[in-house]
Amino acid sequence: MNDEHRPAPDRLDAATLGADALGERATLVQFSTAFCQPCRATRAVLADVAAVVPGVTHLEIDAESRLDLVRALGVTATPTTLVLDATGGVVRRAVGQPRRVDVIAALGAAIGD
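Bear in mind the structure is a predicted one, so any value in this text is a computation, not a measurement. (Residues numbered from 1 in each chain as written. Predicted model: local features only at pLDDT ≥ 70, side-chain atom pairs only at ≥ 80, totals over all residues. Heavy atoms only, no water.)

Points about the overall build of the protein
Check the secondary structure of the protein and you find four helices and four strands. Along the three orthogonal principal directions, the C-alpha set of the protein runs to about 40 × 30 × 25 Å. Within the span of the protein, comprising 113 residues, buried residues form 37% of the whole. Once local pairs closer than 6 in sequence are excluded, the contacts in the protein between residues at least 24 apart make up 71%. (Helix = DSSP H or I, 4+ residues; strand = E, 2+ residues; numbered from the N terminus. Buried < 20%, exposed > 50% of the residue type's maximum accessible area, 1.4 Å probe, protein only. Contact = heavy atoms within 4.5 Å.)

Shown next, in the form of structure tokens:
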């Protein structure tokens, strides 16, 4: 069976992402590569938001070392950010460097507050 044509999963768990746990309320998953300049700025924005919003975790995944996951999720560029709700459901997906206000709005949708 060819995995290329499988739809991307709409729910992810900590083990799949290589993490100990997902955030209690939401998780910001960032796919990056070593030489991606916008990835550095994205890391700063997502880490900052996760630090000020209780129950939110930021996970950064090296796309080059997790090609299986990159392919399964259809990640074609870095940075790519997925916003997961408390159960690991993918509620938002964005490519490129996000603005802080957009990340906070996406978290609002994930958390439901």
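Brief notes about the pairing of strand β2 (residues 56-62)
Pairing of strand β1 (residues 26-32) with β2 involves seven bridges; the strand directions are parallel. Following the sheet pairing, F31 is matched in β2 by I61. As a crossover connection, the stretch from β1 through helix α2 (residues 37-52) into β2 is right-handed. (Pairing = 2+ DSSP bridges. Right-handed = clockwise from strand over helix to strand, strands pointing away.)

As for the state of the cysteines
What makes a disulfide is a covalent bond joining the sulfur atoms belonging to two cysteines. A complete count under the given rule lists one disulfide for this structure. The partner cysteine of C36 in its disulfide is C39, sulfur to sulfur 2.2 Å. An S-S torsion of about 85 degrees defines the bridge between C36 and C39 as right-handed. (Disulfide = S-S within 2.5 Å.)

Section: the side chain of H58
Summarising the element assignment, H58 is placed in strand β2. At a separation of 2.9 Å, a polar atom in the side chain of H58 contacts the side chain of Q30. (Polar contact = N/O pair within 3.5 Å; in protein donor to acceptor, adjacent residues only side chain to side chain.)

A word on the environment of V90
Along the chain, V90 turns up in strand β4 (residues 90-95). C-alpha of V90 to C-alpha of D10: the two residues are 80 residues apart in sequence and 5.4 Å apart in space. Contact partners of V90, with chain neighbours within four places excluded, come to P9, D10, L12, L82, V83 and L84.

Section: the packing of α2 against helix α4 (residues 100-111)
At a minimum axis separation of 10 Å, α2 and α4 run at an interaxial angle of 50 degrees. Looking at the two axes, α2 sits oblique to α4. Crossing geometry of α2 relative to α4 is assigned as right-handed. On α4, the residues touching V45, L46, D48, V49 and V52 of α2 are R100, V103, I104 and L107. (Axes fitted to C-alpha atoms, helices over the stretch in contact; angles between N-to-C directions. Parallel < 35°, antiparallel > 145°, perpendicular 65-115°, else oblique. Left-handed = near helix turned anticlockwise from the far one by under 90°.)

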